[in-house]
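Residue-level structure breakdown
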Amino acid sequence: MLKPGVRNIAYGASDFEDIRQKNDYYVDKTRFIPVLEENRYLFFIRPRRFGKSLWVSILETYYDIAKKDKFERFFKGLWIGDHPTPERNSYLILPFNFSAVRADVEHVQSSFEGYGRIQIHAFLDTYASLIPEQTKKSIVGEATVSLKLSSLFKAAASLNLPLYILIDEYDNF
């Protein structure tokens with residue numbers, strides 16, 4: 001049990017919102033967010049246990065339009081809380097964590113299809129108020145995750161909805 005006033009070190013934790021809600025010890029790296037915005041496509045290569053998943057979680061919380069009303073709760077006292085960028089909370093976030101996909105050759109495709117469907121459905125539920133019902137039905141009706149994603153990307157473009165795709169554990173395969 002921790003002494004009063006002593007903060008927990010959330011070793012191995014990768015959920016930014018959970019860390020902030022519990023007031024766990026956190027090393028603020030949010031000053032790098034404006035640097036990221038100078039680039040269109042980002043690919044982070046770091047060793048295992050180096051904080052990539054936590055960083056993806058931070059980006060999801062920072063950029064997600066659905067979490068706009070939670071900005072103060074999660075970023076107050078952090079560098080980016082005092083220096084928000086114009087892109088703050090302005091994207092629809094489509095997250096993928098490929099650690100949830102079985103990597104063995106016999107099951108990778110079916111596992112990816114199942115996981116992809118779950119993520120796309122969750123995305124459509126999260127942003128239900130921004131996507132017309134007929135568009136959602138069209139996306140869901142596609143036969144494969146590849147076709148669902150293609151349909152989703154086209155819909156986002158035609159509806160002028162800015163989309164941010166976050167992929168974690170890309171090396172699972």
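Described in the following lines is the structure provided in the data block. (Residues numbered from 1 in each chain as written. Predicted model: local features only at pLDDT ≥ 70, side-chain atom pairs only at ≥ 80, totals over all residues. Heavy atoms only, no water.)

1. Describing the packing of aromatic side chains
Tallied over the entire structure, the rule returns 14 aromatic pairs. Between phenylalanine 98 and phenylalanine 112, the ring centres sit 5.9 Å apart and the planes meet at 55 degrees, which makes this aromatic pair tilted. Highlighted residues: phenylalanine 98 in the loop between strand 1 (92-97) and helix 6 (108-126) and phenylalanine 112 in helix 6, separated in sequence by 14 residues. Note on phenylalanine 98: relative accessible area 11%, which makes it buried. For phenylalanine 112, a relative accessible area of 25% corresponds to the partly exposed category. Here the aromatic residues Phe16, Tyr26, Tyr62, Tyr63, Phe71, Phe74, Phe75, Tyr91 and Tyr164 are joined through ring pairs into a cluster of three or more. Over the ring of phenylalanine 71 we find arginine 88, and its NZ or CZ is 3.8 Å from the ring centre. (Phe/Tyr/Trp six-rings, centres within 6.5 Å; stacked < 30°, edge-to-face > 60°. Helix = DSSP H or I, 4+ residues; strand = E, 2+ residues; numbered from the N terminus. Buried < 20%, exposed > 50% of the residue type's maximum accessible area, 1.4 Å probe, protein only. Lys NZ or Arg CZ within 6 Å of the ring centre and 35° of its normal.)

2. Some details on the nonpolar core
Within the largest apolar cluster, 40 residues are counted, with the highest numbers of intra-cluster contacts made by Phe16, Ile33, Ile58, Tyr63, Phe75 and Phe123. Within the residue set of this core, elements represented by two or more residues are helix 1 (16-21), helix 2 (33-36), helix 3 (52-63), helix 4 (71-75), strand 1, helix 6, helix 8 (145-158) and strand 2 (163-168). Counting residues per element, this core draws most heavily on helix 3, which supplies seven residues. With sequence-adjacent residues up to four places away left out, phenylalanine 123 is seen in contact with Leu92, Ile93, Leu94, Ile131, Leu152 and Leu163. (Core = buried A, V, L, I, M, F, W, Y, C linked by side-chain atoms within 4.5 Å. Contact = heavy atoms within 4.5 Å.)

3. Things to note about empty space enclosed by the protein
The final tally for this structure, using the stated rule, is one cavity of 30 Å³ or more. If you go around the largest cavity, the residues you meet are Leu92, Phe123, Ile131, Leu152, Ala156 and Leu161. Taken together, the residues of the lining of the largest cavity sort by class into six nonpolar, no polar and no charged. (1 Å grid on protein atoms, 1.4 Å probe; cavity = no way out; pocket = protein on both sides within 12 Å on 5 of 7 lines; lining within 4 Å. Points joined across faces, edges and corners; volume = space filled by probe spheres on them. Nonpolar A, V, L, I, M, F, W, Y, C, P; charged D, E, K, R; others polar.)

4. Points about the pattern of salt bridges
When the charged atoms of two side chains lie near each other, side chains of opposite charge can form a pair. Inspection of every chain in the model, using the stated rule, returns six salt bridges. When the shortest N-O distance is used, the salt bridge between lysine 67 and glutamate 60 registers 3.9 Å. Residue lysine 67 is classed as buried on the basis of its relative accessible area, which comes to 15%. For glutamate 60, a relative accessible area of 22% translates into the label partly exposed. Close ionic contact of glutamate 133 with lysine 136 constitutes a salt bridge, the shortest N to O distance being 3.2 Å. Pair noted here: glutamate 133 and lysine 136 are both in helix 7 (residues 133-141), with a separation of three residues, about one helical turn. For glutamate 133, a relative accessible area of 49% translates into the label partly exposed. On the basis of relative accessible area, lysine 136 is assigned to the buried category, the value being 12%. Here the salt bridges do not stand alone but share partners, grouping Glu17, Glu60 and Lys67 into one network. (Salt bridge = Lys/Arg side-chain N within 4 Å of Asp/Glu carboxyl O.)

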